[in-house]
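# Notes for the structure review
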Amino acid sequence: MAKDKQPKPKGVPNKHLHARTTFLYQAATYLTLRAGEPSGLALQLASDLHAVSRKGQVRLSSELKRSVCKTCYAVLIPGRTATQTLENESKQGKKPWADVLVLACTVCGTKKRFPVGAKRPKKKSERTCGLPAPRMSEKSSDGHHSAVSNSQPTPDQESSLM
Ligand SMILES: [Zn+2]
């Protein structure tokens, strides 16, 4: 029965699920904006949206995930269904990288917190390529020994960082 499986179609996998989650999100946002508050239908649509992503194993975009309350599924619209405040718990707020954006759902009070001042930690690949090659560190600080017996500069010393 399962032997005659068709080859997977190319392109975006689960395209129909992406279309469905996008539609559900847009419909829930539209209904919330129109009513000024999350109506029962809007909450149902956003709840369906999460169900579709969970069961279909579709990853929702971070932007979409951030704008839906994970407790009551209200679409979080700052000024309508959510309040937006900036927190800074460093001493006297002196550290700008400690800024945290707090998005509070006005329906159920659940808060989402996003660090906004801090830089995202670099990926591993980005971190390692910036370091000098290990053999470069053996070189003394003055570096005059590079122009000794060879009239031509060794190309690999300069190009090793490329
Ligand atoms: Zn909520």
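Residues numbered from 1 in each chain as written. Predicted model: local features only at pLDDT ≥ 70, side-chain atom pairs only at ≥ 80, totals over all residues.

The chain goes by Rpr2-domain-containing protein in an unreviewed UniProt entry, where it is assigned to Pseudopithomyces chartarum. Its UniProt record gives the chain a comment under Sequence similarities (unreviewed entry), which states: "Belongs to the eukaryotic/archaeal RNase P protein component 4 family." (UniProt positions renumbered as here; feature names shortened; annotations may be inferred.)

## Examining unusual backbone geometry
Residue Gln 57 is not a glycine yet carries a positive backbone phi of 50°. Along the chain, Gln 57 falls in the loop between α2 (40-55) and α3 (62-66). The exposure class assigned to Gln 57 is exposed, which follows from the 10 C-beta atoms found within 10 Å. In this structure, Gln 92 is a non-glycine residue whose phi angle is positive, near 55°. Looking at the element boundaries, Gln 92 is found in the loop between β1 (82-88) and β2 (99-105). (Helix = DSSP H or I, 4+ residues; strand = E, 2+ residues; numbered from the N terminus. Buried ≥ 20, exposed ≤ 12 C-beta atoms within 10 Å, placed from the backbone.)

## Quick look at helix α1 (residues 15-35)
Taking 1.5 Å per residue, 21 residues should reach 30 Å; α1 reaches 30 Å between its end C-alpha atoms and fits that length. What α1 keeps buried is the set Thr 21, Leu 24, Tyr 25, Ala 28, Leu 31 and Thr 32. Looking straight down α1, one finds that the buried residues subtend no more than 135° of arc, so they occupy a single side. More than 90 degrees from the buried face of α1, the exposed residues found are Lys 15, His 16, Ala 19, Gln 26 and Arg 34. Looking at the buried residues of α1, the elements they touch are α2 and α3. Positive phi shows up at Gly 36, right after α1, with a value of about 85°. (Expected span 1.5 Å × (residues − 1). Arc of directions from axis to C-beta. Contact = placed C-beta atoms within 7 Å.)

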